[in-house]
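# Breakdown of the fold
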Amino acid sequence: MIDKDFVAVSYAQKNIVHNNVANARAYLSNGFDQVPAQQKFDVILSNVPAKIGSELLTIFLTDAYAHLNPGGQIFIVTISGLKDYMKRNLNQVFGNYDKLKQSKTYTAARAYKEPAKLNSDRPTG
């Protein structure tokens with residue numbers, strides 16, 4: 001879990017301990033800045049802030065892609081006014097986009113990182 005708010009991270013850490021979740025960590029970070037580069041995820045969930053600007057949104061999506069394992073997925077919720085931007089940029093960064101749900105106010109979408117392909121030049125047998 002990542003948040004730039006110290007209180008949110010503190011509560012997340014308490015909940016990790018309270019619920020005995022062994023495979024969770026909470027990072028105090030603006031985006032992925034403080035997340036170790038080698039840390040990879042199978043799923044990234046985000047309620048993307050609407051007013052961070054297109055440059056930071058692009059950095060966030062690019063960093064999310066870098067932190068996903070092959071076959072991993074990102075699920076995002078944005079204000080519906082950003083749906084076209086997110087569709088365009090998820091397609092650009094991930095090569096795919098799937099709108100899951102849309103209301104007047106919010107849109108939920110998903111993209112995935114292509115699984116690693118097996119080397120077809122490898123000899124068999």
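Above this text sits the structure in question.
Residues numbered from 1 in each chain as written. Predicted model: local features only at pLDDT ≥ 70, side-chain atom pairs only at ≥ 80, totals over all residues. Heavy atoms only, no water.

## Some remarks on the sheet that holds strand β5 (residues 98-102)
Test applied: Only when DSSP finds a minimum of two bridges between them are two strands counted as paired. Working definition: helices are DSSP H or I runs of at least four residues, strands are E runs of at least two. Numbering for both runs from the N terminus. Geometry is summarised by axes, namely lines fitted to C-alpha atoms with helices restricted to the contacting stretch, and by angles between N-to-C directions that run from 0 to 180 degrees. A contact between two residues is defined here by any heavy atoms of the two lying within 4.5 Å.
Spatially, four strands are ordered β3-β4-β6-β5 in an open sheet, and the strand pairing comes out mixed. Where the open sheet ends on each side, the last strands, each with one partner, are β3 (41-47) and β5. Direction aside, neighbouring strands of the sheet carry axes that sit 15° apart on average. Along the sheet, helix α3 (residues 83-94) makes contact with β4 (68-79), β5 and β6 (106-112), crossing β4 at roughly 170°.

## Regarding the side chain of N89
Short version of the rule: The buried label applies to any residue whose accessible area, calculated with a 1.4 Å probe on protein chains only, is under 20% of its type's maximum; exposed applies above 50%, and partly exposed to all values in between.
Along the chain, N89 turns up in helix α3. The exposure class of N89 is buried, given its relative accessible area of 7%. Setting aside residues no more than four positions away along its own chain, N89 makes contact with T58 and L61.

## Let's talk about the side chain of S46
Looking at the secondary structure, you find S46 in strand β3. S46 sits in the buried class, given a relative accessible area of 17%. In contact with S46, other than residues within four places in its own chain, are F60, F75, I76 and V77.

## Let's talk about the environment of L90
Counting through the fold element by element, L90 comes out in helix α3. Under the relative-accessibility criterion, L90 is labelled buried at 0%. For the pair L90 and D63, spaced 27 residues apart in the sequence, the C-alpha separation amounts to 12 Å. Discounting chain neighbours no more than four positions away, the residues touching L90 are L61, I74, I76, G95, N96, Y97, A109 and A111.

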